[in-house]
Amino acid sequence: MDKGIIYEGKNMALFEEEMDSNPMVSSLLNKLANYTNLTQGVIEHEADEDSKRREIKAPRMGTFIGVYLPCLQNILGVILFLRLTWIVGTAGVLESFIIVFMCCACTMLTAISMSAIATNGVVPAGGSYYMISRSLGPEFGGAVGLCFYLGTTFAGAMYILGTIEILLTYISPSAAIFKSEDGEEAEAMLNNMRVYGTCIIALMAIVVFVGVKYVNKLALVFLACVILSIIAIYAGVIKTAFDPPDFRICLLGNRTLSRRNFDTCAKFTKIDNKTETTRLWRLFCDSALLNATCDEYFSLNNVTEIQGIPGVSSGVLIDNLWSTYSDKGSVVEKRELPSLTGTEETKVAGLPYVFTDIMTFFTMLVGIYFPSVTGIMAGSNRSGDLKDAQKSIPTGTILAISTTSFIYLSCIVLFGACIEGVILRDKFGEAVNGNLVIGTLAWPSPWVIVIGSFFSTCGAGLQSLTGAPRLLQAISRDGIVPFLHVFGHGKANGEPTWALLLTACICEIGILIASLDSVAPILSMFFLMCYMFVNLACAVQTLLRTPNWRPRFKFYHWTLSFLGMSLCLALMFICSWYYALIAMVIAGCIYKYIEYRGAEKEWGDGIRGLSLNAARYALLRVEAGHPHTKNWRPQVLVLLNLDSEQLVKHPRLLSFTSQLKAGKGLTIVGSVLQGIYLDKCVEVQKAEENVKSLMAIEKTKGFCQIVVSPSLRDGVSHLIQSAGLGGMKHNTVLMAWPQSWKLTDNPFSWRNFVDTVRETTAAQQALLVAKNIDLFPANQERFSEGNIDVWWIVHDGGMLMLLPFLIRQHKVWRKCKMRIFTVAQMDDNSIQMKKDLQMFLYHLRLNAEVEVVEMFENDISAFTYEKTLVMEQRSQMLKQMQLSKNEREREAQLIHDRNTASHSAAVVQANAAAAAPERVQMTWTKEKLVSEKHKNKETNLTGFKDIFNLKPEWGNLNQTNVRRMHTAVKLNGVVLNKSQDAQLVLLNMPGPPKSKKGDENYMEFLEVLTDGLNRVLLVRGGGREVITIYS
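Per an unreviewed UniProt entry, the chain carries the name Solute carrier family 12 member 7 isoform X3 and comes from Alligator sinensis. We quote the UniProt Subcellular location (unreviewed entry) comment for the chain here in full: "Cell membrane".

Here is the structure:
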């Protein structure tokens, strides 16, 4: 249908041609209104590779149900019930307060940063991974996403270990498979953990596999258990103020006794007025008799009973303020009580004391405690199900952290104020008949806490096993980590089967470690690293002031994000410096793997913005003027010629560029297309693609710049003037010698070449012209021997010295030796010149052989006159005759053939001159000129115009041209003699004549100068020193 008919009668006819690429605002808004759970503007997600978009019911969840309660459930968990009392007892109220405050401050600052990121656009499923990858790029996103995945997986292992600990220690100790023998109680417990843990993981994985919806439905039940348990704790604290519960502790001297194997806390008991020994006596003595041999400490000290929970008004808080760290296997003691130790050290192993199972210190407790404040991402992970995610996520998350921080901090003070220190330090409640320590405080019964904590840890484990595979699936489907691709697949309904299997296997590693206290620091590392990068993402975006950074949440600042990031890093090393290093190495390896093997993704990330900002800052810092000689390096503009298919004519020019770039620096690869830009857009894109692909093949690191200009001459001029930016401009131009310069219709004619030479000189830029560039080596070739010969005729800044040094850094030229030749005139002392040059090279720290070539003045040879004559004839002819294109080509070919013939004749003449010097003074007579003219006429084509009628007489020959040709011929002979077999010859390039009249003669001089050499690099300095003897 015609577009005009579609928009007929509408007000948008003016824009009808743009409707295909730019949709109308109304249709765009309609798409946004029907938004499901995919990001806008990201093609990968809009496509949704596996299935078409399904209509999703409008989300119903508000802040309370959708964010606050899930965060509460995830944050409050196993550590609160099983370890917080022990942390308070060990570290004391003050240090515990510091630990909890640090961890809560860390999560609060992270929540502020997360709220800013989460409200800066829509965050789909994937939560923290999505936020970090889209803010910091795929490398950081993948590394941190996988760290977060590992953290969530190990969290699942920790919750399962907590579940088993509650089951075997407090609910049903008789269910243990491995029974403890003398002193092997801890080892038996770990083995029980491993067996039961493996079974529970298998069971939970099956539950998750069969139906995730059941897990989600049970989440509310588990949450209710947590809330009821916390209410029971607060109720118990209030009750202790007026009616403390009766939990008595038995102490021997100041040592705490385990009540598992005896009931009466006394040495003797009276039965029918008869003194009998108790079970406690029999545990310390070798018989039940009163005269039995007993443990020395038992004999010297009395058995006393004290109240385990004296209550909030008892003043026990003062005793619990300070830390009581201890070594592994030491007895839990109440230090305020008197104790007699006896003369010799008594063995405590096997006696019914309460022992510490691990060595305790401040940093270790931080690592064990930190997992209890994780879980702050629960709200952002559900962003797709929220009514207003951008309002609910910040409010709900920050409220949940505030609530849980209050609960933790108040619990620390209340535990310290209500419970006796020795019970607090009794990790498994052995002094209170194997009860859960926090349960002894609860009201109405310890079982409220035991059952509540059992279900809450069970639920948290299930949630981890549900969430972690989905996170892995999200990373896999993004395609940034190739080897994880298989984990992106799942069941027909999208459930991540393979990811669940991997998660269960990693979880099993945590179970085999078996100790809750050993697993907690591992997941602390991974969570801290994730939180650190969330803070970094927020700080980077804020500092860069990216135009797209417009969060709805306004209460953030980069200093808060930076403080949060620093705190996370500090906590990582406080918890465990070696775990921190391992976590960083893992993240670093993933980062580098994604960088080298991962898919190319452009997500508009902050790191790219940071690079741009850093580049801008660096460019502004680089001085616009010339750098110091010590900092000089070739910043090369490579001028390429393209054919009609926009392919590079001389690829070896790029090979040579990459070989030269041992000096690093800037490389700009430029080319000119003739025409008008509007007509050449497609050709420009094609040319750019071709050049960039060739640069990649040749490993030339740099930038590509294609210019369209009505004339090639102007285009090259524009490139020389404007390529580069600020201080990062080129200082050297590299180009190929125009091989067919004698053909006047050649696109890159000699006029363009000579003008380019002039412009580089005017711009104070060095010029490198590679002759016979197609003979130069590829990057894969290696010269096993050979020389790089430098012919140093005039000093123009030291480029000739520096270039061989740079070239020899590359593998192609590494085994070549450097030789430097210089030319001595009649008046020069060649021996002294050689010594001076050797000393100069010594100061320049360059290794090279030195040779001084003597080139004495002698009469100008016949060959020189002939070359000059032919050159001037041709010049005169082109100026005065208007030849057709075909005639021009034929004429040029004729002169080329004659030059070739005359060159072979000149070699014979030169040999004759060496044998008989008197014949050198050969004079061109009028008769000889006439005979030459007739000889050439015979070789002419039939019907061809008699071009030699215009030939000037000998007397009219330009003496300057004769002298210049003489120099070129002589130098060429000397260079050929010494350097014909060299792998590369570097020569000073003479400047073009000041008058433009002799430009074509200049090309002839250069042709003669380099005749017969394989690889030549003509070098023209930029008018400033590029090499120095000073450090």
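J.: I'm lost on the sheet that holds strand E5 (residues 303-307) in this one. Help?
T.: Backbone-to-backbone hydrogen bonds pair the strands of a sheet. The strands run either parallel or antiparallel. With respect to topology, 3 strands assemble into an open sheet ordered E2-E1-E5, the strand pairing being antiparallel. One side of each edge strand has no neighbouring strand; the edge strands of this open sheet are strand E2 (255-256) and E5.

J.: Looking at this model, I keep getting lost on the packing of aromatic side chains. Mind explaining?
T.: The geometry of an aromatic ring pair comes down to the distance between the two centres and the angle between the two planes. Per the stated rule, a full pass over the model turns up 24 aromatic pairs. Ring centres of Trp281 and Phe298 lie 5.8 Å apart, and the angle between their planes is 75 degrees; on these two criteria the pair is classed as edge-to-face. Taken together, the residues Trp281 in helix H11 (residues 279-284) and Phe298 in helix H12 (residues 296-300) connect sequence positions 17 residues apart. Classification of Trp281 as buried rests on a relative accessible area of 6%. With centroids separated by 5.2 Å and ring planes inclined at 65 degrees, the aromatic side chains of Phe483 and Tyr593 adopt a geometry described as edge-to-face. Within this pair, whereas Phe483 is found in the loop between helix H19 (446-478) and helix H20 (497-513), its partner Tyr593 is found in helix H23 (residues 577-597), the two being separated by 110 residues in sequence. For Tyr593, a relative accessible area of 25% translates into the label partly exposed. Here the aromatic residues Phe268, Trp281, Phe284, Phe298, Tyr353 and Phe355 are joined through ring pairs into a cluster of three or more. In this structure, Arg255 is placed above the aromatic ring of Tyr297, and the distance from its NZ or CZ to the ring centre is 3.8 Å. In this structure, Arg255 is placed above the aromatic ring of Tyr353, and the distance from its NZ or CZ to the ring centre is 5.3 Å.

J.: Is there a simple way to think about the side chain of Arg1020 in this case?
T.: Topologically, Arg1020 is positioned in strand E15 (residues 1016-1020). For Arg1020, the side chain forms a polar contact with the side chain of Thr761, separated by 3.3 Å. If near-sequence neighbours (up to four positions away) are discounted, Arg1020 is found in contact with Val757, Thr761, Ala766, Leu767, Asp796, Met989, Pro990 and Gly991.

J.: Would you take a moment to explain the sheet that holds E15 for this structure?
T.: Taken together, the 10 strands give an open sheet; going across it, the order is E8-E7-E6-E9-E10-E15-E14-E11-E12-E13, and neighbouring strands pair in mixed fashion. In the strand order of this sheet, the two ends are held by strand E8 (703-709) and strand E13 (849-854), each with one partner. Within this sheet the neighbouring strands show an average axis-to-axis angle of 20 degrees, counted without direction. Bridge count between strand E7 (residues 667-674) and E8: 7 bridges; the pairing is parallel. Bridge pairing in E8 links Val672 to Val707.

J.: Any chance you could explain the packing of helix H4 (residues 63-75) against helix H16 (residues 389-418) here in plain terms?
T.: A pair of packed helices is captured by two measures, namely the crossing angle of their axes and the spacing between those axes. Where H4 meets H16, the closest approach of the two axes is 8 Å, and the angle between their N-to-C directions is 35 degrees. Crossing of H4 over H16 shows right-handed handedness. Between H4, through Thr63, Val67, Tyr68, Cys71, Leu72 and Ile75, and H16, the contact on the second element is made entirely by Ser392, Ile393, Thr395, Gly396, Thr397, Leu399, Ala400, Ile401, Thr403, Thr404 and Tyr408. Partitioned by chemical class, the residues of the contact of H4 with H16 number 10 nonpolar, 7 polar and no charged.

J.: Would you mind showing me how to read the pattern of salt bridges here?
T.: Side chains bearing opposite charge may pair, as long as their charged atoms lie close to each other. Tallying each qualifying case throughout the model produces 20 salt bridges. With a shortest N-O distance of 3.9 Å, Glu276 and Lys274 are connected by a salt bridge. Look at Glu276 and you get partly exposed, because its relative accessible area is 30%. Residue Glu759 pairs with Arg713 through a salt bridge whose shortest N-O separation is 2.5 Å.

J.: Could you clarify how one ought to interpret the environment of Leu228 in this entry?
T.: Mapping Leu228 onto the fold places it in helix H10 (residues 212-240). According to the relative accessible area criterion, Leu228 is exposed, its value standing at 54%. Distance from Leu228 to Gly452, taken between C-alpha atoms, is 7.3 Å for residues 224 residues apart in sequence.

J.: Sorry, what's going on with the state of the cysteines here?
T.: Taken as a whole and judged by the stated rule, the model has 2 disulfides. Each sulfur in the disulfide pair Cys250 and Cys265 lies 1.9 Å from the other. Torsion about the S-S bond of the Cys250 and Cys265 cystine: about 85 degrees, corresponding to right-handed handedness. One end of the pair, Cys250, is in strand E1 (residues 248-252); the other, Cys265, is in the loop between E2 and strand E3 (268-271), with 15 residues separating them in the sequence. Accessibility classification places Cys250 together with Cys265 in one group, the buried group. Covalent S-S linkage joins Cys285 and Cys294, the inter-sulfur distance amounting to 1.7 Å.

J.: Looking at this model, I keep getting lost on a nonpolar patch on the surface. Mind explaining?
T.: A cluster of nonpolar side chains, contributed by Leu569, Phe573, Trp577, Tyr578 and Leu581, occupies part of the molecular surface with about 500 Å² of accessible area. Looking at the nonpolar patch, the elements with two or more residues in it are helix H22 (558-575) and H23. Counting residues per element, the nonpolar patch draws most heavily on H23, which supplies 3 residues. Structurally, Leu569 can be placed in helix H22.

J.: Looking at this structure, how should I read the packing of helix H6 (residues 84-118) against helix H14 (residues 362-369)?
T.: One can describe the packing of H6 onto H14 by two numbers: an axis separation of 10 Å at closest approach and a directional angle of 70 degrees. On the basis of the axis angle, H6 is roughly perpendicular to H14. Across from Leu84, Trp86, Ile87, Thr90, Ala91, Glu95, Ile98, Ile99, Val100, Met102, Cys103 and Cys104 in H6, the residues of H14 making contact are Phe362, Met364, Leu365, Val366, Ile368 and Tyr369. Partitioned by chemical class, the residues of the contact of H6 with H14 number 16 nonpolar, 1 polar and 1 charged.

J.: Can you walk me through a positive patch on the surface in this structure?
T.: On the surface, Lys699, Arg782, Lys811 and Arg814 cluster together into a patch of positive charge. Within the secondary structure, Arg814 sits in the loop between helix H29 (799-807) and strand E12 (817-824). For Arg814, a relative accessible area of 46% puts it in the partly exposed group.

J.: Help me understand helix H28 (residues 750-762) in this model?
T.: An α-helix turns once every 3.6 residues. As a result, residues three or four positions apart point the same way. Compared with an ideal rise of 1.5 Å per residue, which puts 13 residues at 18 Å, H28 spans 18 Å between its outermost C-alpha atoms and is within 8% of the ideal. Looking at H28, one finds that the buried residues are Trp750, Asn752, Phe753, Val754, Asp755, Thr756, Val757, Arg758 and Thr760. Note on H28: the residue one or two positions beyond its end, Gln764, has a positive phi of about 55 degrees.

J.: I keep staring at the nonpolar core and nothing clicks. Help me out?
T.: Nonpolar side chains tend to gather and get buried jointly when the protein is soluble and globular. Counting 166 residues, the largest nonpolar core has Met158, Tyr369, Phe370, Met377, Tyr408, Phe415 and Phe533 as the members making the most contacts within it. Per-element accounting of this core gives the leading share, 20 residues, to helix H21 (residues 516-544). In this structure, Phe415 is in contact with Leu84, Thr85, Val88, Ile233, Leu424, Ile438 and Leu441, ignoring residues within four places of it in sequence. By size, the runner-up hydrophobic cluster in this structure holds 52 residues, among which are Leu768, Ile773, Leu837 and Leu844.

J.: Sorry if this is basic, but what is going on with unusual backbone geometry here?
T.: Note on backbone geometry: most residues besides glycine have negative phi, and most peptide bonds are trans. For the bond running from Trp443 to Pro444, omega is 10 degrees, close enough to zero to count as cis. Looking at the secondary structure, you find Pro444 in the loop between helix H18 (437-441) and H19. The backbone phi angle of Gln764 is positive, close to 55 degrees, even though this residue is not glycine. Among the structural elements, Gln764 can be located in the loop between H28 and strand E10 (766-771).

J.: Honestly, the environment of Pro352 in this entry has me stumped. Any pointers?
T.: Structurally, Pro352 is set in the loop between helix H13 (316-319) and H14. A relative accessible area of 8% places Pro352 in the buried class. Among residues more than four places away in sequence, those in contact with Pro352 are Thr256, Leu257, Ser258, Leu283 and Phe284.

Rules and cut-offs
Residues numbered from 1 in each chain as written. Predicted model: local features only at pLDDT ≥ 70, side-chain atom pairs only at ≥ 80, totals over all residues. Heavy atoms only, no water. UniProt positions renumbered as here; feature names shortened; annotations may be inferred. Pairing = 2+ DSSP bridges. Helix = DSSP H or I, 4+ residues; strand = E, 2+ residues; numbered from the N terminus. Phe/Tyr/Trp six-rings, centres within 6.5 Å; stacked < 30°, edge-to-face > 60°. Buried < 20%, exposed > 50% of the residue type's maximum accessible area, 1.4 Å probe, protein only. Lys NZ or Arg CZ within 6 Å of the ring centre and 35° of its normal. Polar contact = N/O pair within 3.5 Å; in protein donor to acceptor, adjacent residues only side chain to side chain. Contact = heavy atoms within 4.5 Å. Axes fitted to C-alpha atoms, helices over the stretch in contact; angles between N-to-C directions. Left-handed = near helix turned anticlockwise from the far one by under 90°. Nonpolar A, V, L, I, M, F, W, Y, C, P; charged D, E, K, R; others polar. Salt bridge = Lys/Arg side-chain N within 4 Å of Asp/Glu carboxyl O. Disulfide = S-S within 2.5 Å. Patch = residues over 30% accessible without salt bridge, like charges linked within 9 Å, V, L, I, M, F, W, Y side chains within 5 Å. Areas by Shrake-Rupley, 256 points an atom, 1.4 Å probe, with all protein chains shown as cover. Parallel < 35°, antiparallel > 145°, perpendicular 65-115°, else oblique. Lys, Arg positive; Asp, Glu negative; His and termini not counted. Charge placed at Lys NZ, Arg CZ, Asp CG, Glu CD. Expected span 1.5 Å × (residues − 1). Core = buried A, V, L, I, M, F, W, Y, C linked by side-chain atoms within 4.5 Å.

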